[in-house]
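# Report on the structure
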Amino acid sequence: MKKLERILSRIDGKSYKAYKDLQGQTFHFEDFDMIFSYIQGDPFASPSMISVKIPSGNARFPRESFEGKVRNRATADHINRTMDRMIGRSRKGKKGSGKSGMIVIDTCGQEILQKSSVVINGDFVEARLYVGLPAFGRKIAGKKAWEMLFRDIPAIVEQGLKFSNYNAKDFWKHVHSVEDQAFMRESLSSRGLVAFIADGSILPRISGVNQRPLCSSEAVAFRSPPSLCIEMETPNVGTVSGMGIPEGITLIAGGGYHGKSTLLRALERGVYDHIPGDGRERVVSLPKAVKIRAEDGRRVEGVNISPFINNLPLGKDTVHFCSDEASGSTSQAANIMEAVEIGSDLLLLDEDTSATNFMIRDTRMQRLVAKEREPITPFVDKVRQLYNEKGISTVIVMGGSGDYFDVADNIIMMDDFLPLDVTCEARKIASENLTGRSKEGGGSFGEITPRVPLPESIDPEKGRKVKIKARGNENIQFGYESIKLGYVEQIVHDSQTRAIGDIIYYALRNKIIDEKNTLSEIVWKLEDVLDNYGIDEISPFGNNPVGNHARPRPFEIAAAINRLRTLEVEQKV
Ligand SMILES: Nc1ncnc2c1ncn2[C@@H]1O[C@H](COP(=O)(O)OP(=O)(O)OP(=O)(O)O)[C@@H](O)[C@H]1O
Ligand SMILES: [Mg+2]
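## Looking at the sheet that holds strand E23 (residues 410-415)
With respect to topology, six strands assemble into an open sheet ordered E18-E21-E22-E15-E23-E24, the strand pairing being mixed. Every interior strand has two partners, whereas the edge strands, strand E18 (289-292) and strand E24 (418-421), have only one. The average angle at which neighbouring strand axes cross in this sheet is 20°, direction not considered. Pairing between E18 and strand E21 (residues 346-350): four bridges, direction parallel.

As structure tokens, then:
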């Protein structure tokens, strides 16, 4: 502390660059350490990173709250949220020009992700803060810096990193809830289920741009139809009842505005855990569930989309399909084939975001446009093969066509925001009203062709410098390229996007992308890296960690690589 005070008084009033003296230094405060990992170049540049690290003996979080991966993630997340609140409370306003005086910790949304913002283990708790070191103009504001480092941050540490200042009941509720969700998700496959939605869940959100739950007076709470109602065991709250969606093909039908897409969106996000009070904290789906949509305009590189698309005009290849601007149907076909290539076992489709001609082709259209003139084999003729041959289930929202009655195992109808099991009724209707369609799916699903990305086609450099930057959760600048992820709907946090950019760079540096590994091998190797070494391993700054990474799934890493416009692949046959 004394040393830091001396440095501050020495550099007070000097040019901003003098702050750089602090970089890499650790200072011992009374009961924690302050580590200056990165110092910004000027008051307007990206903020500095300061870690505060407190020994376990002073933080006193119960050991059983951070042992084991699930509890560790839950506890770190709770600390992250608490720190964020404490920072908001203690902030005393701006302390000069540019970012002077700013103190932030990575934000948290409704999902509980594995993040790099907080580390907790048997030795210490560390929180990584981004701060704007104070200046007036470009001159160091020593007194303001003193206030920040010696008053504001210690107050935040006191309130945010010491268990004695936590509400133990809320804390354990958070940890137990995450543990229950992980447990329920884990038990899905052994029970032959692809998803579970507990009774009482609140699925609708405040708005399209606000993921918080719709207030309970306006929302209709979820209630399972009796025939699909099951009970789930949890380690902490005993048995929970709700709707189990079995493996196979599930159709979600129902009138417009009756809550179909809202249900599907809850399933999409059910791959993640949610905070208590979110309304979806007892909605879980298989971890490898992938949302599929049409995405015309996206780039597609060397994907075998021939199970769905053949005989394109001008003899365009669909076994090794490339396009700088895929169409609605070809982009949706590519999205499915890519998800299957990485190993998805559950596809989630919504008619609202699907290409109509990819989903259905009715009798009249079959008569008008002969099979030989139509490149697309519609999904309705493939979805069964996907399940029977590859074990891949599908949940489809489809209110516009009853043709799916013939292929669905279960048909749920959303009615005034509540699900009804209408399987028998729909079957009866289907047998009384034959579609007259001819099946176009052929004898089997077709080939899934693994692809090997070529490292030289993935260049993180711009000029001579590595340039990787996330812009929101929809865009990664990668070298000269911009990777658009706006339609990759299961990315839920900016920090995941940031991590994806750095993970691709990591895979290049460490020769995981090496001209031999397939894309699937690459992303599952990266999953192992994250499992075994933690998220700090992928920091682009070597031993200096990043405080705002959140873990993405292999599917979203692959999605980013697939959308890189320079990507070249070789198919492995
Ligand atoms: N359980 C619920 N309680 C209250 N409001 C809900 C509930 N579920 C959905 N909503 C709201 O109802 C509206 C329509 O929902 P949604 O978009 O899911 O309908 P949909 O069946 O997909 O409609 P469409 O067929 O037009 O696509 C949305 O504003 C949504 O937030
Ligand atoms: Mg809808």
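## Notes on the coordination of the magnesium ion (ligand 2)
Within the protein, the atoms that donate to the magnesium ion (ligand 2) are Ser 261 (OG) and Asp 352 (OD), at distances of 2.0 to 2.1 Å. Of the two residues, Ser 261 sits in helix H6 (residues 260-269) while Asp 352 sits in the loop between E21 and helix H8 (356-359), which places them 91 residues apart along the sequence.

## A few points about the pattern of salt bridges
The final tally for this structure, using the stated rule, is 36 salt bridges. For Arg 128, the salt bridge is made with Asp 536, and the minimal N-O distance between the two is 2.8 Å. Taken as a pair, Arg 128 in strand E7 (residues 124-131) and Asp 536 in the loop between helix H13 (519-533) and helix H14 (554-563) lie far apart in primary sequence, 408 residues in all. On the basis of relative accessibility, which here comes to 3%, the residue Arg 128 falls in the buried class. Across the salt bridge formed by Asp 531 and Arg 551, the nearest N and O atoms sit 3.0 Å from each other. With a gap of 20 residues between them, Asp 531 in helix H13 and Arg 551 in the loop between H13 and H14 connect regions that are remote in the sequence. Arg 551 gets classed as buried once you look at its relative accessible area, which sits at 12%.

## Description of the pairing of strand E22 (residues 393-397)
Counting buried residues in E22 gives five out of five residues, a clear majority hidden from the surface. The two faces of E22 match: Ser 393, Val 395 and Val 397 on one face and Thr 394 and Ile 396 on the other face are all buried. Alignment of strand E15 (residues 249-254) against E22, held across four bridges, turns out to be parallel. Note on E22: the bridge partner recorded for Leu 251 is Ile 396. Of the strand pairs in this sheet, E21 and E22 are connected by five bridges, and their pairing is parallel. The residue bridging Leu 349 from the neighbouring strand is Ile 396, located in E22.

## Topic: the pairing of E21
In regular strands, side chains alternate between the two faces of the sheet. The buried fraction of E21 is high, at five of five residues. Here E21 shows no split at all, with Leu 346, Leu 348 and Asp 350 on one side and Leu 347 and Leu 349 on the other all buried.

## What about the packing of aromatic side chains?
This model, assessed by the stated rule, comprises 17 aromatic pairs. Considering the side-chain rings of Phe 29 and Phe 32, the 5.0 Å spacing of their centres and the 25° angle between planes classify their relative orientation as stacked. A relative accessible area of 7% means that Phe 29 is categorised as buried. The buried category is assigned to Phe 32, whose relative accessible area is 5%.

## Some details on the site of ligand 1
Taken together, 15 residues are adjacent to ligand 1, and Val 220, Tyr 257, Lys 260, Ser 261 and Thr 262 come closest. At 2.9 Å, a backbone N or O of Tyr 257 approaches an oxygen atom of ligand 1. The contact in question runs from an oxygen atom of ligand 1 to an N or O atom on the side chain of Ser 261, over 2.8 Å. Contact with the protein chains hides 77% of the accessible area of ligand 1, taken as 640 Å² for the molecule alone. Looking at the shell around ligand 1 residue by residue, the classes come out as six nonpolar, six polar and three charged.

## Things to note about unusual backbone geometry
One non-glycine residue, Asp 416, adopts positive backbone phi at about 50°. The class for Asp 416 is exposed, based on a relative accessible area of 51%. Its identity as a non-glycine residue notwithstanding, Lys 511 has a phi of 55°, on the positive side. A relative accessible area of 60% places Lys 511 in the exposed class.

## A look at the sheet that holds strand E14 (residues 238-246)
Judged by pairing direction, the sheet is antiparallel, and its four strands sit side by side in the order E13-E14-E10-E17 without closing on themselves. Pairing within the sheet leaves two strands with one partner each, and these edge strands are strand E13 (229-234) and strand E17 (283-285). Pairs of neighbouring strands in the sheet enclose a mean axial angle of 35°, with direction left out of account. Bridging between strand E10 (residues 193-198) and E17 involves three bridges; their strand directions are antiparallel. Counted as the bridge partner of Ala 195 is Ser 285 from E17. Sheet strands touched by helix H5 (residues 168-188): E10, E13 and E17. Its angle to E13, the strand with the most contacts, is close to 125°.

## Comments concerning the side chain of Ser 201
Tracing the backbone through its elements, the reader meets Ser 201 in the loop between E10 and strand E11 (205-207). From its side chain, Ser 201 meets the backbone oxygen of Ala 198 in a polar contact 2.8 Å long. Once residues within four sequence positions are removed from consideration, Ser 201 is found in contact with Val 220, Ala 221, Phe 222, Gly 279, Arg 282 and Val 283.

## So, the state of the cysteines
Scanning the model with the defined rule gives zero disulfides in all. We note that Cys 229 lacks a disulfide partner, and the nearest cysteine sulfur, in Cys 424, lies 17 Å from it. Exposure remark for Cys 229: the relative accessible area of 34% places this residue in the partly exposed category. By relative accessible area, Cys 424 is classed as exposed at 67%.

## Things to note about empty space enclosed by the protein
One pass over the full model with this rule turns up three cavities of 30 Å³ or more. Considered as a void within the structure, the largest cavity measures approximately 210 Å³ in volume. The wall of the largest cavity is formed by 18 residues, among which Val 290, Lys 291, Phe 555, Ala 559 and Arg 563 lie closest to the centre. Of all the secondary structure elements, the ones that give two or more residues to the lining of the largest cavity are E18, helix H7 (328-342) and H14. Sort the elements by how many residues they give to the lining of the largest cavity and H14 lands first, with six residues. Taken together, the residues of the lining of the largest cavity sort by class into nine nonpolar, three polar and six charged.

## Focus: a negative patch on the surface
Side chains of Glu 456, Glu 515, Glu 568 and Glu 570 sit close together on the surface and give a patch of like negative charge. On the secondary structure map, Glu 456 appears in the loop between strand E25 (451-453) and strand E26 (461-462).

Here is what the cut-offs are and how they apply
- Here, residues in each chain are numbered from 1, in the same order as that chain's written sequence.
- To read the labels, note that chains go from A and ligands from 1, taken in the order they are written.
- Residues qualify for local features only when their pLDDT is at least 70, as the model is predicted, and side-chain atom pairs are given and counted only at 80 or more; totals for whole chains, interfaces and linings, by contrast, use all residues.
- Neither water nor hydrogens contribute to the side-chain values; these are computed over all heavy atoms in the structure.
- Only strands that DSSP links by at least two bridges are regarded as paired with each other.
- Put simply, DSSP marks the helices as runs of H or I at least four residues long and the strands as runs of E at least two long, and each gets a number from the N terminus on.
- Axis definition: a line fitted to C-alpha atoms, over the contacting stretch in the case of helices. Angles run 0 to 180 degrees between N-to-C directions.
- Any nitrogen, oxygen or sulfur atom within 2.8 Å of a metal ion counts as a donor, with the limit raised to 3.2 Å for Na, K and Ca, and since water is left out, coordination shells can look unfinished.
- Every case where a carboxyl oxygen of Asp or Glu lies within 4 Å of a side-chain nitrogen of Lys or Arg is listed as a salt bridge.
- Relative accessibility thresholds used throughout: buried, under 20% of the residue-type maximum; exposed, over 50%; partly exposed, between the two (1.4 Å probe, protein chains only).
- Classification of ring pairs rests on two measures: the distance between centres of Phe, Tyr or Trp rings, Trp counted by its six-membered ring, which must be within 6.5 Å, and the angle between planes, read as stacked under 30 degrees, edge-to-face over 60 and tilted in between.
- The criterion for a residue being near a molecule or strand is simple. One of its heavy atoms has to lie within 4 Å of it.
- Think of a polar contact as two N or O atoms within 3.5 Å of one another; within protein, one of them needs to be a possible hydrogen donor and the other a possible acceptor, and neighboring residues in sequence only count if both atoms come from side chains.
- The Shrake-Rupley method, run with a 1.4 Å probe sphere, supplies the accessible areas, and residue values consider only the shown protein chains as cover.
- Polar here means any residue other than Ala, Val, Leu, Ile, Met, Phe, Trp, Tyr, Cys and Pro, which are nonpolar, and Asp, Glu, Lys and Arg, which are charged; Gly is therefore polar.
- Throughout, a residue-residue contact means that at least one pair of heavy atoms, one from each residue, lies within 4.5 Å.
- Here, two cysteine sulfur atoms that lie within 2.5 Å of each other are counted as a disulfide.
- As defined here, a cavity is a set of points on a 1 Å grid over the protein atoms alone where a 1.4 Å probe fits but cannot get out. A pocket is an open set with protein on both sides within 12 Å along at least five of seven lines, and residues line them when an atom is within 4 Å of a point.
- Grid points are joined across faces, edges and corners, and a volume is the space filled by probe spheres set on the points.
- Only residues whose relative accessible area exceeds 30% and that form no salt bridge enter a patch; like-charged residues are grouped when within 9 Å of one another, and nonpolar side chains (Val, Leu, Ile, Met, Phe, Trp, Tyr) when within 5 Å.
- Charge convention: Lys and Arg are scored as positive, Asp and Glu as negative, and His as well as the terminal groups of each chain are ignored.
- The atom standing in for a charge is NZ when the residue is Lys, CZ when it is Arg, CG when it is Asp and CD when it is Glu.

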